[in-house]
Amino acid sequence: MDEALRKIARMLVESLHAVALTGAGVSTESGLPDFRSRGGLWQDQDAVRLLSLEVLYGDPLRFYSRGLHLLRTFRGRSPNAAHRALARLEEMGLLKCVITQNIDGLHQAAGSQNVLEIHGHLRTASCLVCRRVFPFDFLEESVSAGRIPPECPACGGTMRPDVVFFGDPMAPDFERAVEECSRSDFMLVVGSSLQVAPAAYLPGLVPRIAIVNLEPTAYDDAAEAVIHGKAGTVLTELVRVVEELAGRPETTTER
Ligand code: NAD
């Protein structure tokens, strides 16, 4: 891993516009299951089918009684060493942004400032009819009071979590992510199987990529460096090597 780690550190330091792309694997060390690994959410096909527009419209009772419970498990977790390392790289001026497929908000909790959430988030909910936005807790309160589906206080329309479900268009951040990737010269992919489209197309927009993931991905052959290891351990070490290369461990590297 040493050589690959040094290579990734060098690419980060030498790049002019580096971005990170993260997936569910960056949060497993915070106790959240990923999607496709053994024990991942994908194996619960019921849950996968549940989180869809089809169920939200067709069977809101099922969507809200079981689906909301599932979404709730993604809230209130603590960031881990991988999230903190990415925040540190941004603080050092070496990462322009983190593009994440995750909905758990853990990059922001770790201190990352520029986070693009291409699959949405769990901070708000919005009305399917008038599009007004309310805090996510409004859904919780309505469902616990037996008001299913939760109704918009303004127009009475059905409320939905601001998460991208199967059948949904991508979140507005996706367009910005495409722009960021188009002007990037380096992408660090962390904890994603790169099997979920269109997120999986983003690395193809960047000339140089590196991958940190427990298992092989379809992009390994296209990457200039690949480390198969735990994101928390690898990224903590990466920050150490980058700080060594930058030569100024305590200060911010501005470019
Ligand atoms: P995925 O499950 O398809 O792939 C995750 C990858 O991370 C796997 O290849 C696995 O080997 C790797 N991994 C697991 N633990 C790791 C660790 N500690 N260090 C390094 N790698 C690790 O996930 P994906 O590519 O993000 O796609 C799944 C979709 O499901 C995404 O759209 C995402 O929005 C959603 N999802 C989100 C969360 C979350 O918000 N935390 C959790 C599960 C699923």
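Everything numeric in this text was worked out from a predicted model, so none of it was measured.

Participant: I would appreciate a short explanation of the overall build of the chain in the present structure.
Facilitator: In terms of regular secondary structure, the chain is built from nine helices and nine strands. The principal-axis extents of the C-alpha atoms in the chain amount to approximately 60 × 35 × 30 Å. Taken across its 255 residues, the chain has 53% of its residues classed as buried. Relative to all contacts within the chain whose residues are 6 or more apart in sequence, the contacts with residues 24 or more apart total 62%. One finds the centroid of the 26 positive side-chain charges in the chain at a distance of 2 Å from the centroid of its 33 negative side-chain charges.

Participant: What is the right way to look at helix α9 (residues 231–246) in this model?
Facilitator: Count 3.6 residues to each turn of an α-helix, and residues three or four apart come out pointing the same way. The terminal C-alpha atoms of α9, which comprises 16 residues, lie 22 Å apart, in line with the 22 Å expected from a rise of 1.5 Å per residue. For α9, the full list of buried residues reads Ala 231, Gly 232, Val 234, Leu 235, Leu 238, Val 239, Val 241, Val 242 and Glu 243. Tucked inside the fold, the buried residues of α9 contact α1 (2–14), α5 (81–91), β7 (186–190), β8 (209–212) and β9 (225–227).

Participant: Explain the sheet that holds strand β2 (residues 97–100) here, please?
Facilitator: As a general point, the strands of a sheet are linked pairwise by backbone hydrogen bonds and lie either parallel or antiparallel. If you walk across this open sheet you meet the six strands as β3-β2-β1-β7-β8-β9, and the pairing is parallel. A strand with exactly one partner marks an edge of an open sheet, and here the two such strands are β3 (115–117) and β9. For this sheet, the mean inter-axis angle between neighbouring strands, taken without regard to orientation, is 15°. Pairing of strand β1 (residues 18–22) with β2, which is carried by four bridges, proceeds in the parallel orientation. Paired with Thr 22 across the strands is Thr 100, a residue of β2. Relative to β9, α1 is tilted by about 130°, and along the sheet it contacts β1, β7, β8 and β9. Strand contacts of α9: β7, β8 and β9, with the helix running at about 145° to β7, the strand carrying the most contacts.

Participant: Explain the nonpolar core to me, please; I cannot follow it from the model alone.
Facilitator: Nonpolar side chains tend toward joint burial in soluble globular proteins. Core analysis: the biggest nonpolar cluster contains 31 residues, and Ile 8, Leu 86, Leu 89, Leu 188, Leu 235 and Leu 238 have the highest contact counts within it. Residue assignment for this core shows that the elements contributing at least two residues are α1, β1, α5, β7, β8, β9 and α9. A total of seven residues in this core trace back to one element, the largest contributor, which is α9. If we ignore the near neighbours within four places in the chain, the residues touching Leu 89 are Leu 12, Leu 94, Leu 95, Leu 238, Val 239 and Val 242. In terms of nonpolar packing, the next biggest core, distinct from the first, is built from 28 residues, Leu 50, Leu 70, Leu 128 and Phe 136 among them.

Participant: Got a minute to help me understand the pairing of strand β6 (residues 159–163) in this structure?
Facilitator: Looking along a regular strand, one sees the side chains alternate between the two faces of the sheet. Burial runs high along β6: four of the five residues are buried. The pairing of strand β4 (residues 120–127) with β6 spans four bridges and is antiparallel. Bridge assignment links Ala 125 to a residue of β6, and that residue is Pro 161.

Participant: Where do I start with the sheet that holds β6 in this structure?
Facilitator: Strand order in the open sheet formed by three strands is β5-β4-β6, with antiparallel pairing between adjacent strands. Strands at the two margins of the open sheet, each flanked by one partner only, are β5 (133–135) and β6. Looking at each pair of strands side by side, their axes are set apart by 40° on average, direction ignored. Pairing between β4 and β5: three bridges, direction antiparallel. Bridge pairing in β5 places Ser 126 opposite Val 133. Taken strand by strand, helix α4 (residues 60–72) contacts β4 and β6, and its axis lies near 30° from that of β6.

Participant: Help me understand the domain arrangement of the chain in this model?
Facilitator: As a measure of interface size, the accessible area lost when the parts come together is often cited. Domain annotation for the chain reports domain 1 (1–32 + 79–119 + 169–255) and domain 2 (37–73 + 121–163). Here the C-alpha centre of domain 2 lies 29 Å away from the C-alpha centre of domain 1. Buried area between domain 1 and domain 2, summed over both chains or domains, comes out near 510 Å², and the portion from carbon and sulfur atoms is 53%. When the buried area of domain 1 at its contact with domain 2 is split by residue, Ile 103, Glu 117 and His 119 rank highest and sum to 69% of it. One can count one salt bridge joining domain 1 with domain 2. When the shortest N-O distance is used, the salt bridge between Arg 123 and Glu 117 registers 2.6 Å. Between domain 1 and domain 2 we count one residue pair in polar contact (both at pLDDT 80 or more) in total.

Participant: Quick question: what am I supposed to make of the environment of Ala 4 here?
Facilitator: Position of Ala 4 among the secondary structure elements: in helix α1. Residue Ala 4 is classed as buried on the basis of its relative accessible area of 19%. Between the C-alpha atoms of Ala 4 and Ile 211, which are 207 residues apart in sequence, the distance is 9.9 Å. Apart from the residues lying within four places of it in its own chain, the contact partners of Ala 4 are Ala 225, Val 226 and Ile 227.

What counts and how
Residues numbered from 1 in each chain as written. Predicted model: local features only at pLDDT ≥ 70, side-chain atom pairs only at ≥ 80, totals over all residues. Heavy atoms only, no water. Helix = DSSP H or I, 4+ residues; strand = E, 2+ residues; numbered from the N terminus. Buried < 20%, exposed > 50% of the residue type's maximum accessible area, 1.4 Å probe, protein only. Contact = heavy atoms within 4.5 Å. Lys, Arg positive; Asp, Glu negative; His and termini not counted. Charge placed at Lys NZ, Arg CZ, Asp CG, Glu CD. Expected span 1.5 Å × (residues − 1). Pairing = 2+ DSSP bridges. Axes fitted to C-alpha atoms, helices over the stretch in contact; angles between N-to-C directions. Core = buried A, V, L, I, M, F, W, Y, C linked by side-chain atoms within 4.5 Å. Domains from an automatic or database assignment. Buried area = accessible area lost by both parts, 1.4 Å probe. Salt bridge = Lys/Arg side-chain N within 4 Å of Asp/Glu carboxyl O. Polar contact = N/O pair within 3.5 Å; in protein donor to acceptor, adjacent residues only side chain to side chain.

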